[in-house]
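Fold and contact review
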Amino acid sequence: MKLDEFLRLNVRDDLARLTTAISQAGLTVWENIPLQSGVLTAVNPSGETQKAIDVYSNDEFTEAILATGTVAEVASEETAEPATGKGSLSVGMDPLDGSSNVETNNPLGSIFGVYSRKLPCSGRNLLGALYLTYGSMVTLTLSFGKGVHRFVALRQGPETSFELMGIDLKIPERPEVYGVGGSRKDWIPPVRGFVDSLEERGLRTRYCGTFVGDYNQVLARGGMFAYPQLTSKPRGKLRVLYETAPMAFINEQAGGYASDGRRNILDIEPDALSGTSPAYMGSASLVRELEALVSKAD
Ligand code: AHG
Ligand code: MN
Ligand code: MN
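To keep things clear, this report deals only with the structure shown in the data block. It should be emphasised that the depicted structure is a prediction, and the values quoted were computed from it without experimental measurement. (Residues numbered from 1 in each chain as written. Chains lettered and ligands numbered in written order. Predicted model: local features only at pLDDT ≥ 70, side-chain atom pairs only at ≥ 80, totals over all residues. Heavy atoms only, no water.)

Considerations on the overall build of the protein
Looking only at helices and strands, the protein features 7 helices and 15 strands. Computed over the C-alpha atoms, the radius of gyration of the protein is 18 Å, within 12% of the 19 Å expected from 2.2 N^0.38 for a compact globule of 298 residues. Dimensions of the protein, computed from C-alpha atoms along their principal axes, come out at roughly 50 × 40 × 35 Å. The buried share among the 298 residues of the protein stands at 56%. For the protein, the accessible surface area stands at approximately 12,300 Å², while carbon and sulfur atoms represent 51% of it. Here the protein contributes 29 positively and 36 negatively charged side chains, and the mean placements of these two sets differ by 4 Å. (Helix = DSSP H or I, 4+ residues; strand = E, 2+ residues; numbered from the N terminus. Rg over C-alpha atoms; globule rule 2.2 N^0.38 Å. Buried < 20%, exposed > 50% of the residue type's maximum accessible area, 1.4 Å probe, protein only. Areas by Shrake-Rupley, 256 points an atom, 1.4 Å probe, with all protein chains shown as cover. Lys, Arg positive; Asp, Glu negative; His and termini not counted. Charge placed at Lys NZ, Arg CZ, Asp CG, Glu CD.)

Here it is as structure tokens:
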């Protein structure tokens, strides 16, 4: 089944139009990654030096999303102020996730949260979330509250379309892999102890340095992804509106649980557009176990 037909049958019209626009812009971004791999001098609102691909993807997605006429605003990890439109939805996006991995050709991604309210607001206001993965395949993983579904870009002649590849994806009960960002020496003690216990239980490390790429492995094999609270970064690194809340929405739809170490990530009310949170997500039993350890250590 093609993406457009799936959307026509299952998703309300404005969300469907938004998804189609994101999927098409994603193909353009993917094709331009080799051409946009330079480093710029500008920094984003999180103080990170921008790559050409960060700015290029931000502009491509913003233009495509505004052109649908469905959104009032597009807030982005790469811009201080949201772009404004004539619709009613709010989009929070990480237009290029993992841009530090462009040179090494690791998987990259783009993450989108579609909110019903003006940003910043909690993930409880998400109507849907989507992420693109630029890896050995280009895939679009999405949920609008009725399960997680995946589409893969297939070139057939001059056309490339997204074809349904997985329906109602669920995180396997038996956890197999884990991936934790930052440096081990900076992890807070409960995280260090918990990771040691995962090794004892035979889980294997799968970490590529891109949130989307690392999460895909947990969704497929069971386990946990974390960008934890660090002694140097008490509020972690990943941005709630643009990264952790949309991924937490998908993770929960796949039967998992996502925590900032003390509560469900979807309950966080970010105080700023680029507010961050620690992120632990994946198999519900594992993440709840870690949440209890972090809360107890407070
Ligand atoms: P972005 O490129 O959008 O800033 O995201 C990078 C993030 C995330 O993708 C990944 O999990 C994390 O940075 C890796 O951080 P470290 O390089 O500190 O491990
Ligand atoms: Mn990111
Ligand atoms: Mn990014």
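A word on the layout of surface pockets
In this model, the largest pocket occupies a volume close to 440 Å³. Forming the boundary of the largest pocket are 24 residues, of which G98, S99, S100, K237 and R239 lie nearest the centre. Going through the elements one at a time, β2 (49-51), β5 (89-97), α5 (211-221) and β13 (223-227) are the ones with two or more residues in the lining of the largest pocket. Here the lining of the largest pocket takes 3 residues from β5, the largest share from any one element. A per-class count over the lining of the largest pocket returns 6 nonpolar, 7 polar and 11 charged. (1 Å grid on protein atoms, 1.4 Å probe; cavity = no way out; pocket = protein on both sides within 12 Å on 5 of 7 lines; lining within 4 Å. Points joined across faces, edges and corners; volume = space filled by probe spheres on them. Nonpolar A, V, L, I, M, F, W, Y, C, P; charged D, E, K, R; others polar.)

What to know about the coordination of the manganese ion (ligand 2)
Looking at the metal site, the manganese ion (ligand 2) is ligated by D94 (OD), D97 (OD) and E243 (OE), spaced 2.0 to 2.1 Å from it. When the donor residues of the manganese ion (ligand 2) are listed from N- to C-terminus, their spacing reads D-x2-D-x145-E. Between the two metals, the manganese ion (ligand 2) and the manganese ion (ligand 3), the spacing is 3.7 Å, and D94 donates to both. Of this pair, D94 sits in strand β5 while E243 sits in helix α6 (residues 240-253), placing them 149 residues apart in sequence. Residue E243 is classed as buried on the basis of its relative accessible area of 2%. (Donors = N, O, S within 2.8 Å, 3.2 Å for Na, K, Ca; no water.)

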